[in-house]
Amino acid sequence: MLKKLQHVAVIMDGNGRWAQLRGKPRTYGHVKGARIAKKIITHAADLKLKNLTLYAFSSENWFRPEGEVSFLMLLLGRYLKKESQNLHKKNIRFDVIGEVNKLPDNIQKAIHQTRELTKNNTGLHLAFAISYGSRQEIVLAAQALAEKVKNGELKVDQITEKSISDNLMTAGTPDPDLIIRTSGESRLSNFLMWQASYSELYFSPVLWPDYSVKDFNEAIQYYLGRERRFGKVFQKNEESFV
Ligand code: IPE
Ligand code: IPE
Ligand code: MG
């Protein structure tokens with residue numbers, strides 16, 4: 001069933017509002033949100049989905065109040081420590097996209113260890129987007145390509161869609177087929193903008209801490225019912241189209 005769905009990416013949004021609606025601090029929503037992420041990861045692995053990318057912390061989220069940022073880092077560290085063996089047991093390959101070098105040392109180390117532990121796993125490829133911004137990613141790719149041109153390793157006309165894709169942090173992962181955003185916002189907020197060129201976008205009103213496996217399945221059903229044209233004219237029985 002998931003043959004034509006190789007990659008789902010999720011903008012997990014609404015933690016703060018969920019907590020505030022309950023008269024609690026925003027951090028309370030992040031704790032619940034982390035639990036939901038765990039549930040969705042397990043479900044995606046059970047579905048035999050190949051790639052799942054979760055937007056956990058954007059480049060712009062660094063500009064939130066210091067207390068919230070350090071709480072999120074704490075939560076992330078705790079998650080990695082607790083979950084690394086579980087991910088491994090589930091045959092999940094853990095990955096991170098984003099400017100990892102901006103993260104606290106202990107988080108960088110935990111990311112490295114979990115990546116190493118799970119690198120040969122053949123099940124779900126799980127990528128967390130942490131300290132990730134699409135514009136920053138494109139800037140870094142442009143700099144890497146410019147450096148190669150300067151060194152004579154690359155000619156200007158060898159800068160192609162493929163070479164740009166190959167220099168993004170998502171290199172080697174197919175573009176997302178489906179991008180889900182929760183909490184009723186309908187924007188990308190600097191997430192996978194190059195890769196989202198032909199993604200189906202699905203906006204759910206549900207706040208992330210309330211998000212369920214049922215909601216995730218509904219998004220997949222929505223996707224499976226879509227007709228992707230990639231700028232062409234759709235012909236029902238055309239092999240390349242299914
Ligand atoms: C998403 O929830 C989690 C992160 C961005 C870290 P928010 O914290 O953005 O929650 P809202 O959107 O303010 O409700
Ligand atoms: C996007 O959500 C980032 C994550 C979900 C991690 P934000 O809450 O930061 O985005 P804006 O500010 O509403 O655009
Ligand atoms: Mg938000």
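Residues numbered from 1 in each chain as written. Chains lettered and ligands numbered in written order. Predicted model: local features only at pLDDT ≥ 70, side-chain atom pairs only at ≥ 80, totals over all residues. Heavy atoms only, no water.

Student: Any chance you could explain the layout of surface pockets here in plain terms?
Tutor: Put simply, the largest pocket is a space of about 660 Å³. Taken together, 29 residues line the largest pocket, and the ones lying closest to its centre are Met12, Asn15, Tyr55, Ala56 and Phe57. Elements supplying a minimum of two residues to the lining of the largest pocket: α1 (15-21), α2 (26-46), β2 (51-58), α3 (66-89) and β4 (125-132). Within the lining of the largest pocket, the residues separate by chemical class into 15 nonpolar, eight polar and six charged. (1 Å grid on protein atoms, 1.4 Å probe; cavity = no way out; pocket = protein on both sides within 12 Å on 5 of 7 lines; lining within 4 Å. Points joined across faces, edges and corners; volume = space filled by probe spheres on them. Helix = DSSP H or I, 4+ residues; strand = E, 2+ residues; numbered from the N terminus. Nonpolar A, V, L, I, M, F, W, Y, C, P; charged D, E, K, R; others polar.)

Student: Explain the sheet that holds strand β5 (residues 178-181) to me, please; I cannot follow it from the model alone.
Tutor: Across a sheet, strands are paired by hydrogen bonds formed along the backbone, either parallel or antiparallel in direction. Taking strand neighbours across the sheet as the criterion, the six strands line up as β3-β4-β2-β1-β5-β6 in an open arrangement whose pairing is parallel. The open sheet has two edge strands, β3 (93-97) and β6 (200-203), and neither has a second partner. This sheet shows a mean twist of 20° between the axes of neighbouring strands, independent of strand direction. Sheet topology note: the strand β1 (residues 7-11)/β5 ladder contains four bridges and is parallel. Paired with Val10 across the two strands is Ile180, which belongs to β5. (Pairing = 2+ DSSP bridges. Axes fitted to C-alpha atoms, helices over the stretch in contact; angles between N-to-C directions.)

Student: Please explain the pattern of salt bridges as it appears in this structure.
Tutor: Close approach of charged atoms allows side chains of opposite charge to pair. Enumeration over the complete set of coordinates arrives at 16 salt bridges. Note that Glu116 and Lys119 form a salt bridge whose closest N and O atoms lie 3.0 Å from each other. Residue Glu116 is classed as partly exposed on the basis of its relative accessible area, which comes to 40%. A residue is classified by how much of its surface remains accessible, and Lys119, at 45% relative accessible area, is partly exposed. Residues joined by salt bridges that share partners form a network here, namely Asp13, Arg17, Arg181, Glu185 and Arg187. (Salt bridge = Lys/Arg side-chain N within 4 Å of Asp/Glu carboxyl O. Buried < 20%, exposed > 50% of the residue type's maximum accessible area, 1.4 Å probe, protein only.)

Student: I keep staring at the packing of aromatic side chains and nothing clicks. Help me out?
Tutor: Between two aromatic rings, the relevant description is the distance of the centres plus the angle of the planes. Evaluated as defined, the whole model comprises 10 aromatic pairs. The interplanar angle of 15° and the centroid separation of 4.3 Å between the aromatic rings of Tyr55 and Phe191 together place this pair among those described as stacked. Here the residue Tyr55 occupies a position in strand β2, and Phe191 occupies one in the loop between β5 and β6, the gap between them amounting to 136 residues. For the residue pair Tyr55 and Phe191, the accessibility class agrees, reading buried in each case. (Phe/Tyr/Trp six-rings, centres within 6.5 Å; stacked < 30°, edge-to-face > 60°.)

Student: Just checking my understanding: could you explain the packing of α2 against α3 for this structure?
Tutor: With their axes 11 Å apart at the nearest point, α2 and α3 run at an angle of 25° to one another. Relative to α3, the element α2 lies roughly parallel. Of the two possible hands of crossing, α2 and α3 adopt the one that is right-handed. Here α2 contributes Arg26, Thr27, His30, Val31, Ala34, Lys38 and Ile41 to the contact with α3, which in turn contributes Glu68, Phe71, Leu72, Leu75, Tyr79, Glu83 and Leu87. (Parallel < 35°, antiparallel > 145°, perpendicular 65-115°, else oblique. Left-handed = near helix turned anticlockwise from the far one by under 90°. Contact = heavy atoms within 4.5 Å.)

Student: Help me understand helix α4 (residues 105-118) in this model?
Tutor: In an α-helix, one turn spans 3.6 residues; hence positions three or four apart end up facing the same way. The end-to-end C-alpha separation of α4 is 20 Å, in line with the 20 Å expected for 14 residues at 1.5 Å each. All of the buried residues in α4 are Ile107, Ala110, Ile111, Thr114 and Thr118. Angularly, the buried residues of α4 cover 100° about the axis, an arc narrow enough to put them on a single face. Exposed residues lying more than 90 degrees from the buried face of α4 are Asp105 and Lys109. For α4, the elements touching its buried residues are α3 and β3. (Expected span 1.5 Å × (residues − 1). Arc of directions from axis to C-beta.)

Student: Help me understand unusual backbone geometry, please; the structure alone is not making it clear to me.
Tutor: What is expected of a backbone is that most residues other than glycine have negative phi and most peptide bonds are trans. Phi is positive for Lys48, close to 65°, though the residue is something other than glycine. Since its relative accessible area comes to 67%, Lys48 is described here as exposed. Its identity as a non-glycine residue notwithstanding, Ser189 has a phi of 45°, on the positive side. Relative to the helices and strands, Ser189 is located in the loop between β5 and β6. The partly exposed category is assigned to Ser189, whose relative accessible area is 32%.

Treat this as a map of the structure, not an account of what it does.
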